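Chain residues, written in single-letter form:
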Amino acid sequence: RGGRSSTNAKTVTIFGATGKMGRYLVNNLGQLGTQMIIPHRCDPVTAQYLKVSSDLGQQHHVYTPDFNDEEQLMECVKYSDVVVNLTGTDRIKLHQSWEDANVTLTHRIARACKKMDVPCFIHMSHINADIDSPSQFLKTKALSEEVVLHELPDAAIIVRASDCYHARDRFTHYLARINSVAKLFEKGRTPLYKKGMDTYKTPVYGPDVFRGITNIISMNDSERERLYQFVGPRTYSLHELLTSITDITFRQYRPVVGRYNFLWNRYLLRSEPYIRHQMISDNVVLGLPGLEDVGIIPTHFEDKALFWLRSYRIFWQVWDPVDGQKTNIYGNVMGTGEAM
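A short note on helix H4 (residues 136-151)
An ideal rise of 1.5 Å per residue puts 22 Å on 16 residues; H4 measures up with 23 Å between its terminal C-alpha atoms. Within the span of H4, buried status applies to Phe137, Leu138, Thr140, Lys141, Ala142, Ser144, Glu145, Val147, Val148 and Glu151. Contact partners of the buried residues in H4: helix H3 (98-115), strand S5 (120-126), strand S6 (156-161) and helix H9 (272-279). Two or three places before Phe137, at the start of H4, stands the capping residue Ser135, its side-chain oxygen 3.4 Å from that residue's backbone nitrogen.

Here it is, written out as structure tokens:
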């Protein structure tokens, strides 16, 4: 193991490195002295924070404003030993559809890798990817797997991860938000699909996923599997997960469901986050290689979530009291945060 000022003679192209989780992979590869090519279509200034992860000259940022240009994509992957695809979105935008973001772009990248004979292509997918899913995100993720395997049947590696939690995730923040949006007089009323008793999640720590991908990149090709499943060490019901979150945020929690909750609470409209995070349980397939098989010990949710979920505490409870006692803010009519 070298370090940031060493080199491991590997060249890796990372698509989607400027996203919410790409920084973890860039940092891990930078620690090993990997030379990285990072195509991006954002303002070059907004990608500069990635450069501190590597030594001088080890990162090559390629401004690629038009990912529809396959010539540019071929230039980005031409010298690569491994290409990692982290592109995709779980929120639709005005200028692109679900298929454009999650399928078409992946297809173009895979086709460019096929033309340049890239020996290894790692594609990030989701554990619940299913062509028949009610979630548009999960449906298009399943389609993206199909196009990757069609273009690169021998070089493709699919990494299916469950919902990732980290400081910038959209999973734990979504769950904390539907609880914290309730006013104090509502006594923690949290609308949940079937009160959270019918949905089971196996969340995984985001940095663990990318440490696992880093270890896959470091392996010889003969040691790599073609399909990985990265999940957390414990399965929670949605109710148990909200209980853990509210233990951290010091907020009351009372799951409710009823005929009119779906109409009046804006978080319970059947939007994409609601379908994906509340209605669909994780489909864990036994026997597939996971984090332990690539040398990573999964992190427990309760050991890490405090660092970002405490921002949802009431302002006078941002830090733990010295005596370790919670203030009864719901029974305090003066609103000072002092115990009555």
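As for the environment of Asp163
When you line up the elements, Asp163 lands in the loop between S6 and strand S7 (164-165). In this view, Asp163 contacts His126, Phe171, Lys201, Pro203, Val204, Arg276, His277 and Asp282; residues no more than four positions away in its chain are not counted.

Section: the layout of surface pockets
Taken as a whole, the largest pocket encloses approximately 1400 Å³ of empty space. If you trace the largest pocket, you find 46 residues lining it, with Gly19, Leu86, Thr87, Gly88 and Thr89 closest to the centre. Elements that contribute at least two residues to the lining of the largest pocket include exactly strand S2 (35-40), H3, S5, H4 and H9. Considering each element in turn, the lining of the largest pocket owes the most residues, 5 residues, to H3.

A look at the confidence of the model for the protein
Of all residues in the protein, 86% attain a pLDDT of 70 or more, and the chain-wide mean is 85. A low-confidence stretch, residues 263-269 stays under pLDDT 50, and its non-local contacts, those more than four residues away or across chains, total 13 contacts.

Here's the deal with the pairing of strand S1 (residues 11-15)
Of all 5 residues in S1, 5 are buried, a share of seventy percent or more. Covered by surrounding structure in S1 are Thr11, Thr13 and Phe15 together with Val12 and Ile14, the residues of both alternating faces. Summarising the sheet, S1 and S2 pair through 3 bridges and their orientation is parallel. Looking at S2, one finds that Thr13 is bridged to Ile37. Taken together, S1, helix H1 (residues 22-31) and S2 form a β-α-β motif whose crossover is right-handed. The pairing of S1 with strand S4 (residues 82-85) spans 4 bridges and is classified as parallel. Residue pairing across strands places Val12 opposite Val82, the latter belonging to S4.

Brief notes about the side chain of Gln59
Looking at where Gln59 falls in the secondary structure, it is placed in strand S3 (residues 59-63). A polar side-chain atom of Gln59 sits 2.6 Å from the main-chain carbonyl oxygen of Leu50. Polar contacts involving the side chain of Gln59 include one to the side chain of Ser54, which spans 3.1 Å. Among residues more than four places away in sequence, those in contact with Gln59 are Val26, Met36, Ile38, Leu50, Lys51, Ser53 and Ser54.

The rules behind these values
- Residues numbered from 1 in each chain as written.
- Predicted model: local features only at pLDDT ≥ 70, side-chain atom pairs only at ≥ 80, totals over all residues.
- Heavy atoms only, no water.
- Helix = DSSP H or I, 4+ residues; strand = E, 2+ residues; numbered from the N terminus.
- Expected span 1.5 Å × (residues − 1).
- Buried < 20%, exposed > 50% of the residue type's maximum accessible area, 1.4 Å probe, protein only.
- Contact = heavy atoms within 4.5 Å.
- Polar contact = N/O pair within 3.5 Å; in protein donor to acceptor, adjacent residues only side chain to side chain.
- 1 Å grid on protein atoms, 1.4 Å probe; cavity = no way out; pocket = protein on both sides within 12 Å on 5 of 7 lines; lining within 4 Å.
- Points joined across faces, edges and corners; volume = space filled by probe spheres on them.
- pLDDT = per-residue confidence, 0-100.
- Pairing = 2+ DSSP bridges.
- Right-handed = clockwise from strand over helix to strand, strands pointing away.

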